[in-house]
2 protein chains.
Amino acid sequence: MLRARALRFSTRSRPCGLRIPNIISPLWKHSNIDNSRYISTTINDVADFSLTPTLGKIVDSNGVHGEPVKLSGHIRTCRTMKKMSFVDISDGASSAVLNVIFPGEDSIANYNLKVGQSVEIYGEWRDSPVKQRLEIHCDPSQANHSVSIIGQVPDRYPIQKKATSLEFLRTLPTLRHRTRTLGQILRARSFIEGSLMDYFRREDFIKVSPPIISGSDCEGAGELFYVGSTGKKNFFKKSTYLTVSTQLHLEVLSAALNRVWTMTPCFRAENSDTTRHLSEFWMLEAEVAYVDDVRQLTTLCDNMLKSIVQDMKSHKTFSSEMESSFPNEDTMAKIKERWATFENSNSSWPTITYSMALEIINDVQRADNSKKLEWGATLNTEHEKWLAGEYFKTPVFVTDYPSFQKPFYMRKSNPEIYDPEKPTVACFDLLIPEVGELIGGSLRIHDYDELMEQIEERKMDKKALEWYISLRRNGTVPHGGFGLGFERLVMYLSGTENIRDTIPFPRTPGHCQC
Amino acid sequence: MLRARALRFSTRSRPCGLRIPNIISPLWKHSNIDNSRYISTTINDVADFSLTPTLGKIVDSNGVHGEPVKLSGHIRTCRTMKKMSFVDISDGASSAVLNVIFPGEDSIANYNLKVGQSVEIYGEWRDSPVKQRLEIHCDPSQANHSVSIIGQVPDRYPIQKKATSLEFLRTLPTLRHRTRTLGQILRARSFIEGSLMDYFRREDFIKVSPPIISGSDCEGAGELFYVGSTGKKNFFKKSTYLTVSTQLHLEVLSAALNRVWTMTPCFRAENSDTTRHLSEFWMLEAEVAYVDDVRQLTTLCDNMLKSIVQDMKSHKTFSSEMESSFPNEDTMAKIKERWATFENSNSSWPTITYSMALEIINDVQRADNSKKLEWGATLNTEHEKWLAGEYFKTPVFVTDYPSFQKPFYMRKSNPEIYDPEKPTVACFDLLIPEVGELIGGSLRIHDYDELMEQIEERKMDKKALEWYISLRRNGTVPHGGFGLGFERLVMYLSGTENIRDTIPFPRTPGHCQC
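Residue positions are given per chain, counted from 1 along the sequence in the order it is written. For naming, the first written chain is A and the first written ligand is 1, with later ones following in the order written. It should be noted that, the model being predicted, local features are given only for residues of pLDDT at least 70 and side-chain atom pairs only at 80 or more, the latter also being counted only at that level, while totals for whole chains, interfaces and linings use all residues. Think of the side-chain values as coming from all heavy atoms in the structure, minus any hydrogens and water.

1. A look at the interface of chain A and chain B
- We call two residues in contact whenever any of their non-hydrogen atoms come within 4.5 Å of each other. Across the boundary between the two partners, chain A contributes 153 residues, which contact 156 residues of chain B.
- The working definition used for a salt bridge is a side-chain nitrogen of Lys or Arg within 4 Å of a carboxyl oxygen of Asp or Glu. Our count for the contact surface shared by chain A and chain B stands at 6 salt bridges.
- Where Asp 204 of chain B meets Lys 57 of chain A, a salt bridge forms, and the shortest distance between an N and an O atom there is 2.6 Å.
- Secondary structure elements follow DSSP: runs of H or I of four or more residues count as helices, runs of E of two or more count as strands, with numbering from the N terminus. In terms of residue count, helix 5 (residues 180-202) of chain A provides more of the side of chain A that touches chain B than any other element does, 11 residues in total.
- Counted by class, the side of chain A that touches chain B contains 66 nonpolar, 54 polar and 33 charged residues.
- One requirement defines pairing of two strands: DSSP has to find at least two bridges between them. Here 5 bridges tie strand 9 (residues 225-229) of chain A to strand 9 (residues 225-229) of chain B, and the two strands are oriented antiparallel to one another. Residues are grouped as follows: Ala, Val, Leu, Ile, Met, Phe, Trp, Tyr, Cys and Pro are nonpolar; Asp, Glu, Lys and Arg are charged; all remaining types, including Gly, are polar.

In structure tokens, the structure reads:
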């Protein structure tokens, strides 16, 4: 790699784009003009335009004593000892930190090195006299050694080694992801998304892209963001909104492609200023045809989440990166506990009905005769956290909530448990410790008459929903699906307390920094 | 699988959620109440809640003569022969079509079967007397055979076997993806997205989620969509818009994480009603630190696109699905030609400068003395298609366009080719045959003074851009990146003529169906 890179520099003196290649493809002979004047290809044996190797790759490259090495990255820390200085370099592509040793006194002052600068260092690998591995030396008095400051920092560069509160970092939206912890949370987010892609591919799901701009507020799910054009008035010839959930569109696609999933930004214009809410968030949604028991969906979610934790634990680099990025032992212990919670035994996570959940809360949580919950009461976040975190100490599925609490499209509970006095729907929430609701899903009504009954009962706009209703007249199939707030999942699995640290540029009421 | 499914039905008589499991985890013993009343787990040896197998999996399952089989899917075609009928079933998860044979006369009429219905069929595998493989028989007069219509269709169900124009299908937004061709285009889209995920993971890129709602129109890139809340006035305490490109935010993340990529919806409120434009589209964008030659970026794009075609060709199921979904030989020949164009030899695709492109157009395309292009002329789509499709007959990178044609953030061309009389920037477009521009990218100005000069020259709003400018004061590094219109890529690789067929619910001026 280094050799290639060196070569790249050596080609610099040739005018870019004017080199005459030594191979001209016969393809270009069709024209009568002298193609060689025009054609410039990046022939591999002439120049190499690969990317600068990441520090992670350099660490893995196993250099040999005396071999030259080039590093590009940011200075993370500087330390001066009696006869040498140490500079830690990182490049953010991984949690890898390379320790560069500058022999001699006061090197850091001599070369004006400071935390935060971006630098390019030419040095060499050396056997370490103390450690069982190679280290990197840079002695700019030597011929091929050098350190260049590529990007300077101001005197009060705020990202220093000493621990900085996440709250303070949120005031630095362009710098905060350079810290070890926040960088690692974004790397974890990326890892989890990749793991989900693998899972859904294995399970024959098609990834689809339902629309973000939507023509109707079908669910009546609270306040919305509307969309207009700065140019043409009434751009779409109707009122348009940002999607709150892509479910209704996913149902269309599930009827065509059977198993579909998506990862899509969704929007809620609610005035919720909490550590668990974002105005713009990413939602994983999946919809499956030929499903007629809600427990097929809970099993799917169970397997999906466990496969992520399995991937995280079995990926050697990833799990060791997590360890090195959360140096606080308590945090790492918490993360491991959370991962263990998701792995929890070979059997499936417990599944209880809403009615049972109420009974447990009344019998156990409220055994002290504080006011019992009546059937129909809403389970709030505190109940949810208690059930998963305190009572079951594991994620728990709660199924079959009262119909009146839920949207129009949910199918009635299975006949075995349906009680006309206390009507319920075949839905579920997945509650997890410390967070509460992570996933919500249900069977959808696939019968035309049953759906129309709900729409009429709730006095909804039939015309606006006609496209959705029409699915029930055209080869309808039993189906269901779920939605998972992606940032909540990232939050849980990366031991993060505030959802704003799981997304690079959080949008919340009053906050749309840069 | 079938056995498991049968078991599932046999558990139906037990009340859902009230079964007492045969294993009670000691975890739940902490409470004094009788947990066994509450805890219901889906113990694997009691019931199986896996999903209904897809038809693709059933085809692969290699049934044995006489073995029972259950299918769920839509009827694609019905044919009546003298002594038997044939019904083709598909479920959309793949292009797999299962042919079910109903012995006896007039079965189709007797069971009221029609194209489009969703059905559940119990039958059995039989050795085919004519073909070298098993076939499925269903004879509802036999004990364990049955056919049930789950979802009926109206008399004039519009999705029939006979070829239907894509234009007509666009008027059926909820049904069109059930057709073989449009279903396969969405499956191809999903495949390509997965392939990109694999590529970027191999290259150590972090997938990030830059914001959709943005506080500024930094690029001045034409008309925008603005965003407001139906509830709280001035929700974000500033004017907000839907993003037109996530690049500026990606630069922040690249400075922190080195190599980043995203696949994000982007929005343009332009009144472009063409086969190549969408008001809402998905953009793949990547940004890389420590890059100082535009050819590092072209090499990256070259490798990325070739890896997709390699994945498509080497994935046996995918390539055979493409074959069976585009029965029109011309279409499939075109698709194969396009794939071959992307594979085209071991060497990199040609790279020419804008100035060379002009010369070629003037010398060759306009050799008949039609008006020559002056330096500074815009290359339009026709020029782009001609260069890639007619002249080079391969994708071609055109680099170093005139500065005044390009946005403020692009870095000057390398000194070797920079001409102060004809100032250019270190950018590139990837032009591909038949489509024209697929990718646009550049090096970004990383020097503070240089950036401020551009911003002042163009009279841009310094205050709104302060967050972006500040990167150049905080350990700036040379970097660059690119954006690719994802639907254009899908269009090209799936042989599609109209971009509206590559996204499930296209948004274009005046069109926001369902």
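2. Some remarks on the sheet that holds strand 16 (residues 436-444) of chain B
Residue and element names in this part refer to chain B.
- If you walk across this open sheet you meet the 8 strands as 7-11-12-17-16-15-14-13, and the pairing is mixed. Sheet topology places strand 7 (206-207) and strand 13 (351-353) at the edges, where each strand pairs with a single neighbour.
- Sheet topology places strand 7 next to strand 11 (residues 259-267); 2 bridges connect them, and they run parallel. Paired with Ile 206 across the two strands is Val 260, which belongs to strand 11.
- Note on method: axes are straight lines fitted to C-alpha atoms, helices fitted across the in-contact stretch only, with angles between N-to-C directions ranging 0 to 180 degrees. Of the strands in this sheet, strand 7, strand 11, strand 12 (280-289) and strand 17 (479-485) are in contact with helix 5 (residues 180-202), which crosses strand 11 at around 150°.

3. Examining the side chain of Gln 184 of chain B
All names here are of chain B.
- You can see Gln 184 is positioned in helix 5.
- Polar contacts involving the side chain of Gln 184 include one to the side chain of Ser 325, which spans 3.4 Å.
- When neighbours within four sequence positions are excluded, Gln 184 is seen to be in contact with Ser 95, Phe 318, Glu 321, Met 322, Ser 325 and Phe 326. In the analysis that follows, any N or O atom pair within 3.5 Å is treated as a polar contact, provided that within protein one partner can donate a hydrogen and the other can accept it, and provided that, for residues neighboring in sequence, both atoms belong to side chains.

4. Digging into the environment of Leu 278 of chain B
All names here are of chain B.
- Structurally, the position occupied by Leu 278 is in the loop between strand 11 and strand 12.
- The rule is simple: take the accessible area with a 1.4 Å probe, protein chains only, and divide by the maximum for that residue type; under 20% is buried, over 50% is exposed, in between is partly exposed. A relative accessible area of 9% means that Leu 278 is categorised as buried.
- With 225 residues separating them along the chain, Leu 278 and Ile 503 place their C-alpha atoms 9.5 Å apart.
- For Leu 278, the contacting residues outside a window of four places in its chain are Glu 487, Ile 499, Arg 500, Ile 503, Pro 506, Arg 507 and Thr 508.

5. Brief notes about the packing of helix 8 (residues 316-325) of chain A against helix 9 (residues 329-343) of chain A
Residue and element names in this part refer to chain A.
- Where helix 8 meets helix 9, the axes come as close as 9 Å, and the angle between the chain directions of the two elements is 145°. As helix 8 runs across helix 9, the sense of the crossing is right-handed. Contacts between helix 8 and helix 9 involve Phe 318, Ser 319, Met 322 and Glu 323 from the first element and Met 332, Ile 335, Lys 336 and Trp 339 from the second.
- Class assignment for the residues of the contact of helix 8 with helix 9 results in 5 nonpolar, 1 polar and 2 charged. By the definition used in this description, the sense in which the near helix is turned from the far one sets the handedness, with an anticlockwise turn below a right angle giving left-handed and a clockwise turn giving right-handed.

6. Notes on the packing of helix 5 of chain A against helix 7 (residues 294-314) of chain A
Residue and element names in this part refer to chain A.
- Two elements in contact, helix 5 and helix 7, have axes separated by 9 Å at closest approach and are oriented at 130°. Relative to helix 7, the element helix 5 lies oblique. Crossing geometry of helix 5 relative to helix 7 is assigned as right-handed. Here Phe 191, Ile 192, Ser 195, Leu 196, Tyr 199, Phe 200 and Arg 202 of helix 5 lie close against helix 7, whose contacting residues are Leu 300, Asn 303, Met 304, Ser 307, Ile 308, Asp 311 and Met 312.
- Across the contact of helix 5 with helix 7, the residue classes tally to 9 nonpolar, 3 polar and 2 charged. In what follows, roughly perpendicular refers to angles from 65 to 115 degrees, roughly parallel to angles under 35, roughly antiparallel to angles over 145, and oblique to any angle outside these ranges.

7. Focus: the nonpolar core
- Of all hydrophobic cores here, the largest spans 149 residues; its most connected members are Leu 305 of chain A together with Leu 305 of chain B.
- To qualify as a nonpolar core, a set must consist of buried Ala, Val, Leu, Ile, Met, Phe, Trp, Tyr and Cys residues joined through side-chain atoms within 4.5 Å. Formed by 46 residues, the second largest nonpolar core is a distinct cluster that contains Val 208, Ala 255, Leu 379 and Val 398 of chain B.

8. Concerning the sheet that holds strand 11 (residues 259-267) of chain A
Residues and elements named next belong to chain A.
- Taken in spatial order, the 8 strands line up as 7-11-12-17-16-15-14-13 in an open sheet, and their pairing is mixed. Among the strands making up the open sheet, the edge pair consists of strand 7 (206-207) and strand 13 (351-353).
- Pairing between strand 13 and strand 14 (residues 396-399): 3 bridges, direction parallel. Pairing of Thr 353 across the sheet is with Thr 399, part of strand 14.
- Seen against the sheet, helix 10 (residues 354-365) touches strand 13 and strand 14 and runs at an angle of roughly 90° to strand 13.

9. What to know about the pattern of salt bridges
- Following the criterion strictly, the structure yields 46 salt bridges over all chains and no others.
- The partner of Glu 124 of chain B in a salt bridge is Arg 126 of chain B, with the nearest N and O atoms 3.2 Å apart.
- Close ionic contact of Arg 189 of chain B with Glu 487 of chain B constitutes a salt bridge, the shortest N to O distance being 3.0 Å. A residue pair is termed long-range when its members are at least 10 positions apart, and Arg 189 of chain B in helix 5 and Glu 487 of chain B in helix 14 (residues 486-493) qualify at 298 residues. Taken as a pair, Arg 189 of chain B and Glu 487 of chain B share a single burial class, namely buried.
- Among the ionic contacts, a cluster of salt bridges with common partners joins Asp 198 and Arg 201 of chain A together with Asp 198 and Arg 201 of chain B.

10. Some points on the packing of aromatic side chains
- When two rings of Phe, Tyr or Trp (its six-membered ring) have centres within 6.5 Å they constitute a pair, described as stacked for plane angles under 30 degrees, edge-to-face for angles over 60, and tilted for the intermediate range. With the rule as written, the count across this model stands at 40 aromatic pairs over all chains.
- For the ring pair Phe 408 of chain A and Tyr 468 of chain A, a centre distance of 5.9 Å and an interplane angle of 75° mean the geometry is edge-to-face. Taken as a pair, Phe 408 of chain A in the loop between strand 14 and strand 15 (427-432) and Tyr 468 of chain A in helix 13 (residues 466-469) lie far apart in primary sequence, 60 residues in all.
- A relative accessible area of 0% places Tyr 468 of chain A in the buried class.
- Taken together, the ring pairs in this structure connect Phe 342, Trp 349, Phe 397, Phe 428 and Tyr 492 of chain A into an aromatic cluster.
- Whether a charge sits over a ring depends on NZ of Lys or CZ of Arg being within 6 Å of the ring centre and within 35 degrees of the ring normal. Positioned above the aromatic ring of Tyr 418 of chain A is the side chain of Lys 412 of chain A, whose terminal nitrogen or guanidinium carbon lies 4.8 Å from the ring centre.
- The residue whose ring lies beneath Lys 406 of chain B is Tyr 401 of chain B, and the NZ or CZ to ring-centre distance is 4.5 Å.

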